[in-house]
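# Observations on the model geometry
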Amino acid sequence: MLRALAVDDEEPALAELLYLLGEDPRVGTVVPALDATEALRLLERARTVGPDGPGAVDVVFLDINMPGLGGLDLAELLGGFAAPPLIVFVTAHEDFALRAFDLKAVDYLLKPLRRERFAEAVRRVAELTRAGQAPADPLGDQVPVELGGVTRFVPIADITYVEAQGDYARLHTPLGSHLVRIPLSALEEQWRSRGFVRIHRSRLVALGRIEEVRLDGGNMTVRIGDRILAVSRRNARELRDRLARRAQGAAGGPR
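A few points on the structure. (Residues numbered from 1 in each chain as written. Predicted model: local features only at pLDDT ≥ 70, side-chain atom pairs only at ≥ 80, totals over all residues. Heavy atoms only, no water.)

### Considerations on the sheet that holds strand S15 (residues 227-231)
Overall, antiparallel pairing links the three strands, which are arranged S13-S14-S15 in an open sheet. If you trace the sheet from one side to the other, it starts and ends with strand S13 (212-216) and S15, each paired once. Shown here is a sheet whose adjacent strand axes are inclined to one another by a mean of 30°, direction ignored. Pairing between strand S14 (residues 219-224) and S15: five bridges, direction antiparallel. Across the sheet, residue Arg 223 finds its bridge partner in S15, namely Ile 228. (Pairing = 2+ DSSP bridges. Helix = DSSP H or I, 4+ residues; strand = E, 2+ residues; numbered from the N terminus. Axes fitted to C-alpha atoms, helices over the stretch in contact; angles between N-to-C directions.)

Next up, the structure:
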């Protein structure tokens, strides 16, 4: 059975976590902590006694916004453990989902908690624990987005282009679009190796989704599906270079 640590600085929220965990038959022991510093102390103690010792923890259900050491800070510290526990974030803030999954969280639950959604998170933790596996990096192939209080996962391979909208970015796919709170500059850095290139100060495109490049009077545009997107003069050369390298790679390189 799962050994869980529940961390939240608000007592009513912590009590709800303890109740939901206590009701789930897949969960054995549950230890509470009212801040991340206390949680770190408990986890350090568990590490010294080993995975089968008293106080060992399989999963941490972790709030994000706490005074002092925050949930994301704690998760980053746990990443340095030789055998870190699994992490499920439980928060009222949807803004940190990408950062949370970058830290290899198993799940990201939004308050107020829904019993069915909570049970799904526990199921995922239980499966990973039985298999003795750490969660695969979700950002390896998908992006978490929030839709009506539910975390969905959009495959990066489905994203055709991205537009900046203030501090947010809108991810476009053939089936619709999704808004995530992450700057376009951060996505440009993270996804460059995945074939995305900036064509404008407010837009990234997936090279593999470009169907046509047009030059008209010195102005460049690209066509992706039924969208014609302008390429700024500043970004035109990099786009041409990336497309040329891609075509050369597809042809097997120079002969």
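### Let's talk about the packing of helix H2 (residues 36-49) against helix H3 (residues 71-78)
One way to put it is that H2 packs onto H3 with a least axis distance of 10 Å and a crossing angle of 20°. Comparing their axes, H3 and H2 come out roughly parallel. The hand of the H2/H3 crossing is right-handed. Contacts between H2 and H3 involve Ala 36, Ala 39, Leu 40 and Leu 43 from the first element and Leu 74, Leu 77 and Leu 78 from the second. (Parallel < 35°, antiparallel > 145°, perpendicular 65-115°, else oblique. Left-handed = near helix turned anticlockwise from the far one by under 90°. Contact = heavy atoms within 4.5 Å.)

### Focus: the pattern of salt bridges
Per the counting criterion, the structure on display carries 17 salt bridges. Its salt-bridge partner being Arg 3, residue Asp 58 comes within 2.8 Å of it at the nearest N-O pair. Placement of Asp 58 in the loop between H2 and strand S3 (59-62) and of Arg 3 in strand S1 (residues 2-7) is noted, with a sequence separation of 55 residues between them. For Arg 3, a relative accessible area of 25% gives the class partly exposed. Through salt bridges with shared partners, a single network forms among Glu 211, Glu 212, Arg 214 and Arg 223. (Salt bridge = Lys/Arg side-chain N within 4 Å of Asp/Glu carboxyl O. Buried < 20%, exposed > 50% of the residue type's maximum accessible area, 1.4 Å probe, protein only.)

### Section: the nonpolar core
One finds Leu 5, Val 7, Leu 43, Val 60, Leu 62, Phe 89 and Tyr 108 to be the most contacted residues of the largest nonpolar core, which totals 26 residues. Those elements that provide at least two residues to this core are S1, H2, S3, H3, strand S4 (86-91), helix H4 (97-102) and strand S5 (107-110). The next biggest cluster of nonpolar side chains, apart from the first, holds 22 residues, and it includes Leu 86, Ala 121, Val 122 and Leu 128. (Core = buried A, V, L, I, M, F, W, Y, C linked by side-chain atoms within 4.5 Å.)

### Topic: the sheet that holds strand S10 (residues 176-180)
Read across the open sheet, the five strands follow the order S10-S9-S8-S12-S11; overall the sheet is antiparallel. The outermost strands of the open sheet, each flanked by one partner alone, are S10 and strand S11 (196-200). Averaged over all neighbouring strand pairs, the angle between strand axes comes to 25°, with direction disregarded. Sheet topology places strand S8 (residues 161-165) next to strand S9 (residues 168-173); five bridges connect them, and they run antiparallel. Paired with Val 162 across the strands is Leu 171, a residue of S9. Sitting on the sheet, helix H6 (residues 184-191) is in contact with S8, S9, S11 and strand S12 (203-206), with an inclination near 155° to S8.

Just distances and angles here, no functional claims.
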